[in-house]
Amino acid sequence: MIDKNIIEKFGNLSTPFYYYDLDVLNSTLNTLKKESQNSGFKIHYAIKANANPRILKIISSFGFGADCVSWNEIDAAIKAGFNPSEIVFAGVGKTDKEIEAAINSGIFCFNCESIPEIEVINHLASLQNKNVQIALRINPLIEAHTHKYITTGIEESKFGIHTWELDYVLTRLLTMKNVHLTGIHFHVGSQITRMSVFQSLATHINELQEWFSSRNVDLKIINVGGGLGIDYENPDKPPMFAEYFSLMNDFVDLKPGQELHLEPGRSVVGQCGTLISRVLYIKTGSNTMFAIIDAGMTDLIRPALYQAHHKIENLSSEGNIYRYDVVGPVCESSDTFAKYIELPETRRGDVIAIRSAGAYGESMASRYNLRDLPGAVFSDEL
Ligand SMILES: *Cc1c(COP(=O)(O)O)cnc(C)c1O
């Protein structure tokens, strides 16, 4: 529960806005740093989860690298202080312009998802007479047990290279002089809460390592991607970094000199962000009461896009408990944050907190209906 006294600090700030609790962010980053130092694993924060410039600056100040999926993300990362030599570039559809810019800026590695992409990177690197490092993103065929829209490692997914293509990839790579294979990369999906999924990934990685060894291919980097979930039912609960790191440590067999890389996104920023909104109207339907709030799917699209649930708190009311559908103002029926949830009696003007919204919230905001983008307020500004 968010401390209700915060409403006074919010004062007349216009809603909706993202409220970022820097104590939560810093404590998450401290844990992550400690775990990465203890294990020797390297962290590349997945910028797409939250690319707010101030958040990026704070994360880069801890010395982490960045995982980017567009040139604009790479540019934002560099501006926020991430070292280009610690930036990786992923994504199935990198454009020629993006690849050229990334080569120019000297990023660490391209995580590649298809043979045609590797050929284009090789060609563009040769034009600049450069040699660039690539990793193969391999489709691990593991069911992530998460929502289907955020499952990536199954056969019909557009992501990754299939294991049955690897022989051909290695043959093709022999002819390409401007790319150097430095490692293998995986990403099973997002919001994974079953640790057994990561254990299956580790087993799969060990098998592939043997395959590469038998062909005398030296891999320097094993990149296990991101995906560690957070507890949306318990917004004050930190992510399970210790369990996650020790699982990787116990189950991934690293060879001498190999590095293990991780790309957490959601787990880094999810719990530090709350979407703050005010109630516009209470509308009585035939079976339900609607609390129509001034935040909508344009501010936080996860419920509409993934049927995601965020915990919702009324910070203004201590009244009797009733049930409400909490909905936004956008002209779409899917603009619904929650159905039939318990809230203390809710009135026009009440301040509503939508919790665990730090990841894939602000970064996915849009201007549909020509709505304004949500603001961002940091705890040290109040
Ligand atoms: C989205 C993504 C991540 C981050 O995933 P989270 O679930 O936010 O940890 C990491 N790596 C790749 C390749 C991604 O696409």
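Residues numbered from 1 in each chain as written. Predicted model: local features only at pLDDT ≥ 70, side-chain atom pairs only at ≥ 80, totals over all residues. Heavy atoms only, no water.

Is there a simple way to think about the domain arrangement of the chain in this case?
How big an interface is tends to be expressed through the accessible area that disappears when the partners come together. According to the domain assignment, the chain contains domain 1 (4-18 + 271-381) and domain 2 (22-269). For domain 1 and domain 2, the distance between their C-alpha centroids amounts to 33 Å. With 23 residues of domain 1 at the interface, the matching set in domain 2 holds 25 residues. Of the roughly 2200 Å² buried where domain 1 meets domain 2, counting both sides, 52% is carbon and sulfur surface. (Domains from an automatic or database assignment. Contact = heavy atoms within 4.5 Å. Buried area = accessible area lost by both parts, 1.4 Å probe.)

Help me out: how do you make sense of the site of the ligand in this one?
The ligand sits among 14 residues. The nearest are K48, S190, E263, R266 and Y360. Take E263: an N or O atom from its side chain is 2.7 Å from a nitrogen atom of the ligand. Residue G265 places a main-chain N or O atom 2.9 Å away from an oxygen atom belonging to the ligand. When the free accessible area of the ligand is taken as 380 Å², the share hidden by the protein chains comes to 95%. Of the residues in the shell around the ligand, the class split is 3 nonpolar, 6 polar and 5 charged. (Near = heavy atom within 4 Å. Polar contact = N/O pair within 3.5 Å; in protein donor to acceptor, adjacent residues only side chain to side chain. Areas by Shrake-Rupley, 256 points an atom, 1.4 Å probe, with all protein chains shown as cover. Nonpolar A, V, L, I, M, F, W, Y, C, P; charged D, E, K, R; others polar.)

Honestly, the sheet that holds strand β8 (residues 221-223) in this entry has me stumped. Any pointers?
In a beta sheet, neighbouring strands pair by backbone hydrogen bonds and run either parallel or antiparallel. Pairing is parallel around the closed barrel formed by 8 strands, whose spatial order is β2-β3-β4-β5-β6-β7-β8-β9. When strand polarity is set aside, the average angle formed by the axes of neighbouring strands in this sheet is 30°. Sheet analysis places strand β7 (residues 179-185) next to β8, joined by 3 bridges and oriented parallel. Note on β8: the bridge partner recorded for H185 is N223. (Pairing = 2+ DSSP bridges. Helix = DSSP H or I, 4+ residues; strand = E, 2+ residues; numbered from the N terminus. Axes fitted to C-alpha atoms, helices over the stretch in contact; angles between N-to-C directions.)

Which parts of the structure should I look at to understand the packing of aromatic side chains?
The geometry of two aromatic rings is summed up by the distance between their centres and the angle between their planes. The tally for this structure, following the rule as stated, stands at 11 aromatic pairs. Plain terms: the ring middles of F89 and F110 are 5.8 Å apart, the flat faces sit at 45° to each other, and that makes the pair tilted. Taken as a pair, F89 in strand β4 (residues 87-89) and F110 in strand β5 (residues 109-112) lie far apart in primary sequence, 21 residues in all. Its relative accessible area of 1% is what places F110 among the buried residues. (Phe/Tyr/Trp six-rings, centres within 6.5 Å; stacked < 30°, edge-to-face > 60°. Buried < 20%, exposed > 50% of the residue type's maximum accessible area, 1.4 Å probe, protein only.)

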